[in-house]
Amino acid sequence: MKMSLRTAVLGAAAAALMASSAFAGSDAKLSGDLKIFLDTSNPAPRATMEAMIGRFQEKHPDLNIETTVIDREEYKTQIRNFLTANPPDVATWYAANRMRPYVDAGLFEDVSDLWQDAEIAENLASTKGAMTIDGKQWGVPYTYYQWGVYYRKDIYEELGLEEPENWEEFKANCQAILDSGRKCFTIGTKFLWTAGGWFDYLNMRTNGFDFHMDLAAGEVSWEDERVRKTFENWKELIDMGAYIDNHQTYSWQEALPFMVNGDAAAYLMGNFAVAPLRDAGLTDDQLDFYQFPEINPDVEMAEDAPTDTFHIPANAANKDAARAFLKFVVSADEQTEINNGKNLGQLPVNAKSSVDDDKFLNEGFEMLSSNSPGGVAQFWDRDASAEMAKVSMEGFQEFMVKPDNLDRILAKLERARQRIYK
Amino acid sequence: MTDVSPAVPHYPAGAAPRGWFHRNQQSLAPWLFLAPGALFFLFYVIFPIFQSFNISLYEWDGLSPAEYVGLSNYRDLYWEFVDRDAFYVSLKNNIIWLVLYLLAIPAGLFIALFLNQTVTGIRIYKSLFFFPFVISQVVVGLVFTWFYDPTFGILNTILDWFGLGPINVLGNERYVTYGIIAAGLWPQTAYCMILYLTGLNAVDPEQIEAGRLDGAKGLRMLWFIIIPQLKPATFIAFVVTIIGALRSFDLISIMTQGGPFGSSRVLAFYMFEVALSEYGFRMGYGAAIAVVLFLIMLCFIAYFLWSMYRDEKRA
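Only a predicted model underlies this, so the values are computations on that prediction, with no experimental measurement involved.

1. Some words on the overall build of chain B
- Across its full length, chain B carries 15 helices and two strands.
- In terms of overall dimensions, chain B is more spread out than a globule: its C-alpha atoms have a radius of gyration of 27 Å, far above the 20 Å expected for 315 residues.
- Across its three principal axes, chain B shows a C-alpha extent of roughly 95 × 70 × 30 Å.
- Going through the 315 residues of chain B one by one, you find that 39% of them count as buried.
- Partitioning the contacts of chain B with sequence separation of at least 6, the portion at a separation of at least 24 is 66%.
- A total of about 19000 Å² of accessible surface is found on chain B, and carbon and sulfur atoms cover 70% of it.
- In chain B, which carries 18 positive and 20 negative side-chain charges, the distance between the mean positions of the two groups comes to 11 Å.

What follows is the structure, encoded as structure tokens:
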């Protein structure tokens, strides 16, 4: 019966369809248990994942799939326990340095063999770097999203402003907005990471992607002149009063109303901010997106695009089924489906997938595929080691409130770097 | 006792001497009854203390094998102290907490004296005053966060009436700790109040009568007659307040996450951050902080035990 299904599917034409179901066909003999742990605990992503697992189950009726959804924040601490004690066969996590502790501890399975596969090697090339540690790949991505400046188009139009192309225009726009009695940017730094986004962009635009990555890897001193230059650029904005007051008391969600009410004109954020902004009543005529402009013309543009991933724990019981599942997740059709506007509303990782017809997703996809030659970063707290990320983001927050403390902050970060990356 | 009981012998006369257990039953029984509790205490309290001491000598991320580093975690703490870094800030805040949190005791006493009267509906007032202790610390934290909110909070609205500038209590590194302590004092005062209310019930009316005959009134009556009789309540209030101050964790976690830029951390929160939070997992370092916190607590524990021992002896 399985054979007949396979032949039937292979018989059916559609080239794209063939590519993805050919995987399913070749692994059709899967059986046993498949335990999947997910951190997609919010209602929409959860439904998306469950539907996707349902489709995988249909292809492999003999497989007994057991899905556990864990709260996204809880998951970050629980993963340490379940990877060692009671590992599932598949688990979600994050790319880049965030997976390093588990790779180093030998808790993630090396899945380089999957990446040898032409289907994956060609279509997922853009995220390969983020999945690679020590020359091997340790999982597959399933979604990612762009970062950039989301702004109130109506305010820009009212003031006769254009999307800025460079740093001078960026600051001139900001001055015009300030003169109109508004703030340029809303931000909530209570949970620190939002300040990391600003640092990512300012540093990548000032010193380039490679320098940024070296800094994240602890190879450059924080008291280096180039780092100082980044902070000088940042200070220009802070001294202008570009950011909303008291941002250190707000979470990123609590900072949204400033933009919705028109007290602030823009927000440097990930694409996930679009949904709450739309829910709060902003229409697509009022809301638009631009890429963070160039600061230093000598460095190539690089972007933040955090990637969420699937991994196979090293101690998993059913690795064959787990590998088949990973292949299934990254297949072009599944990628198109789970990342569309009704589901995750993010960008598919497979180059053969189509991006949903949403202006922000299209702009983001365009930006990441053609206008980010420098490279794609994951985000400060995923690229730097966890400890360094924590200490430095605290420093960024302090700098945003008290820019005059810069020397003290950099000295503190440098001491932390020497301790953490010894 | 054993001399009395042979009236009803368990064994026929001339049988072998009674078993060891039977001979020592009297002295064994209390230990047997204590055993379950003592075992749990040993396993869940005493043993982890020593385990913490041990872990604090290692560098361990909870995943890879632990590496013995001697006292280097303590050396790092020392340098953090010298550099006025996170550890220094936490320690300083802990001391501020310890001192200011004790305000809950006089405040609780004052409210208890105020409520210790018979008027219609006093029960309702008493329960209203006790209310903050019943609600969760998380709720207290949230309520005060909104209260302090720099743009919409009622505190700044009120200050505005008097033409005073807005202050961002939780966003200012100088005020933040005091702001959180004020939030913590609200339920803690209620707790002390309850302790004193029960204490006041036990105050001997004859002594008050006698004091009155001798011409004691007002503050003198309070200081020389009432407060000495409230000593047991004061002792318990002191103990719970000190413990509450040292483990002030939930309010900080809810209200500021230790921020802005780490200026409202206390040792308990710093320990959590270093060892267990999203960016943490320096188990050894966390354990070293735990040891420091334990040593601070030990001073108080020693004092508590000593004063209890002294009271027992006197009684």
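2. Considerations on the overall build of chain A
- Along its length, chain A carries 21 helices and 13 strands.
- In terms of overall size, chain A behaves like a compact globule, its C-alpha atoms giving a radius of gyration of 22 Å where 422 residues would be expected to give roughly 22 Å.
- Here chain A holds 422 residues, and 57% of them are scored as buried.
- Of the roughly 16300 Å² of accessible surface on chain A, a fraction of 48% belongs to carbon and sulfur atoms.
- Each charge sign in chain A was given a centre, from 41 positive and 68 negative side chains, and these centres are 6 Å apart.

3. Thoughts on the UniProt feature "transmembrane region" (unreviewed entry) in chain B
Residues and elements named next belong to chain B.
- The feature "transmembrane region" (unreviewed entry), as given by UniProt, occupies residues 28–50, 95–116, 128–148, 175–200, 221–246 and 285–306 in the numbering adopted here.
- In residues 175–200, helix accounts for 96% and strand for 0%; the two terminal C-alpha atoms are 36 Å from one another.
- Overall, residues 221–246 shows 96% helix and 0% strand. The separation of its end C-alpha atoms is 34 Å.

4. Structural notes on the state of the cysteines
Residue and element names in this part refer to chain A.
- Using the criterion set out here, one finds one disulfide over all chains in the structure.
- The side chain of cysteine 174 participates in a disulfide bridge whose partner is cysteine 184; the two sulfur atoms lie 2.0 Å from each other. A torsion of 90° about the S-S bond marks the disulfide between cysteine 174 and cysteine 184 as right-handed. Here cysteine 174 is found in helix H10 (residues 167–179), whereas its partner cysteine 184 is found in strand E8 (residues 183–186), with 10 residues between them in sequence.

5. Describing the packing of helix H13 (residues 225–240) of chain A against helix H20 (residues 386–401) of chain A
Residues and elements named next belong to chain A.
- Running from N to C, H13 and H20 point in directions that differ by 45°, and their axes come no closer than 10 Å. The pairing of H13 with H20 is recorded here as oblique in orientation. Contacts between H13 and H20 involve Phe231, Trp234, Lys235 and Ile238 on the former and, on the latter, Phe396, Phe399 and Met400.
- Grouping the constituent residues of the contact of H13 with H20 by class yields six nonpolar, no polar and one charged.

6. Focus: a nonpolar patch on the surface
- Judged by side-chain polarity, B:Leu39, B:Phe40, B:Phe41, B:Leu42, B:Phe43, B:Tyr44, B:Val45 and B:Phe47 come together as a nonpolar surface patch covering roughly 880 Å² of accessible area.
- Looking at the element boundaries, B:Phe40 is found in helix H2 (residues 25–55).

7. Some thoughts on the nonpolar core
- In this structure, A:Trp198, A:Trp222, A:Phe231, A:Trp234, A:Tyr243 and A:Trp380 are the most contacted members of the largest nonpolar core, which totals 71 residues.
- By size, the runner-up hydrophobic cluster in this structure holds 63 residues, among which are B:Ile96, B:Val176, B:Ala183 and B:Val274.

8. Here's the deal with the domain arrangement of chain A
All names here are of chain A.
- Along its sequence, chain A is organised into domain 1 (2–144 + 306–362) and domain 2 (147–304 + 385–420).
- Relative placement of domain 1 and domain 2: their C-alpha centres are 32 Å apart.
- Counting each side, the surface lost to burial between domain 1 and domain 2 is near 710 Å², with a carbon and sulfur contribution of 53%.
- Among the residues of domain 1 in contact with domain 2, Pro306, Lys359 and Phe360 are the three that bury the most area, contributing 72% of the side total.
- Our count for the domain 1 to domain 2 interface comes out at two salt bridges.
- The interface formed by domain 1 and domain 2 contains three residue pairs in polar contact (both at pLDDT 80 or more).
- Per-class residue counts for the side of domain 1 that touches domain 2 are three nonpolar, two polar and two charged.

9. Quick notes on unusual backbone geometry
- Residue A:Leu192 is not a glycine yet carries a positive backbone phi of 70°.
- The residue A:Leu192 is located in the loop between E8 and helix H11 (193–207) in this model.

10. Let's talk about the environment of B:Ile301
All names here are of chain B.
- For isoleucine 301, the position within the fold is in helix H15 (residues 283–314).
- Overall, the relative accessible area of 35% leaves isoleucine 301 in the partly exposed class.
- The spacing of isoleucine 301 and valine 176 is 125 residues in sequence and 29 Å in space, taken between C-alpha atoms.

11. Quick word on the environment of B:Arg174
- Locating B:Arg174 in the fold gives a position in the loop between helix H8 (154–161) and helix H9 (176–201).
- Remark: the alpha-carbon pair of B:Arg174 and B:Trp31, spanning 143 residues in sequence, is separated by 53 Å.

12. As for the interface of chain B and chain A
- Each partner contributes to the interface: chain B provides 29 residues, whereas chain A provides 32 residues.
- Counting each side, the surface lost to burial between chain B and chain A is near 2600 Å², with a carbon and sulfur contribution of 53%.
- The largest per-residue losses of area from chain B upon contact with chain A belong to B:Leu63, B:Phe261 and B:Tyr279, which jointly make up 33% of the total buried on that side.
- On the surface where chain B and chain A come into contact, there are seven salt bridges.

13. Describing the packing of aromatic side chains
- For the structure on display, the rule yields 66 aromatic pairs over all chains.
- The interplanar angle of 85° and the centroid separation of 5.0 Å between the aromatic rings of A:Trp198 and A:Tyr243 together place this pair among those described as edge-to-face. With a gap of 45 residues between them, A:Trp198 in helix H11 and A:Tyr243 in the loop between H13 and helix H14 (256–260) connect regions that are remote in the sequence.
- With a relative accessible area of 0%, A:Trp198 lands in the buried category.
- Ring geometry for A:Phe231 against A:Trp234: centres 6.0 Å apart, planes inclined by 20°, an arrangement best described as stacked. Taken as a pair, A:Phe231 and A:Trp234 lie in helix H13 at a separation of three residues, close to a single helical turn.
- Among the aromatic residues, those joined into a cluster by ring pairs are A:Phe37, A:Tyr75, A:Phe82, A:Trp93, A:Tyr94, A:Tyr102 and A:Phe108.
- Over the ring of B:Tyr285 we find B:Arg282; its NZ or CZ atom is 3.9 Å from the centre of that ring.
- Its end group placed over the ring of B:Trp306, B:Arg310 keeps NZ or CZ at 4.7 Å from the ring centre.

Criteria and thresholds
Residues numbered from 1 in each chain as written. Chains lettered and ligands numbered in written order. Predicted model: local features only at pLDDT ≥ 70, side-chain atom pairs only at ≥ 80, totals over all residues. Heavy atoms only, no water. Helix = DSSP H or I, 4+ residues; strand = E, 2+ residues; numbered from the N terminus. Rg over C-alpha atoms; globule rule 2.2 N^0.38 Å. Buried < 20%, exposed > 50% of the residue type's maximum accessible area, 1.4 Å probe, protein only. Contact = heavy atoms within 4.5 Å. Areas by Shrake-Rupley, 256 points an atom, 1.4 Å probe, with all protein chains shown as cover. Lys, Arg positive; Asp, Glu negative; His and termini not counted. Charge placed at Lys NZ, Arg CZ, Asp CG, Glu CD. UniProt positions renumbered as here; feature names shortened; annotations may be inferred. Disulfide = S-S within 2.5 Å. Axes fitted to C-alpha atoms, helices over the stretch in contact; angles between N-to-C directions. Parallel < 35°, antiparallel > 145°, perpendicular 65-115°, else oblique. Nonpolar A, V, L, I, M, F, W, Y, C, P; charged D, E, K, R; others polar. Patch = residues over 30% accessible without salt bridge, like charges linked within 9 Å, V, L, I, M, F, W, Y side chains within 5 Å. Salt bridge = Lys/Arg side-chain N within 4 Å of Asp/Glu carboxyl O. Core = buried A, V, L, I, M, F, W, Y, C linked by side-chain atoms within 4.5 Å. Domains from an automatic or database assignment. Buried area = accessible area lost by both parts, 1.4 Å probe. Polar contact = N/O pair within 3.5 Å; in protein donor to acceptor, adjacent residues only side chain to side chain. Phe/Tyr/Trp six-rings, centres within 6.5 Å; stacked < 30°, edge-to-face > 60°. Lys NZ or Arg CZ within 6 Å of the ring centre and 35° of its normal.

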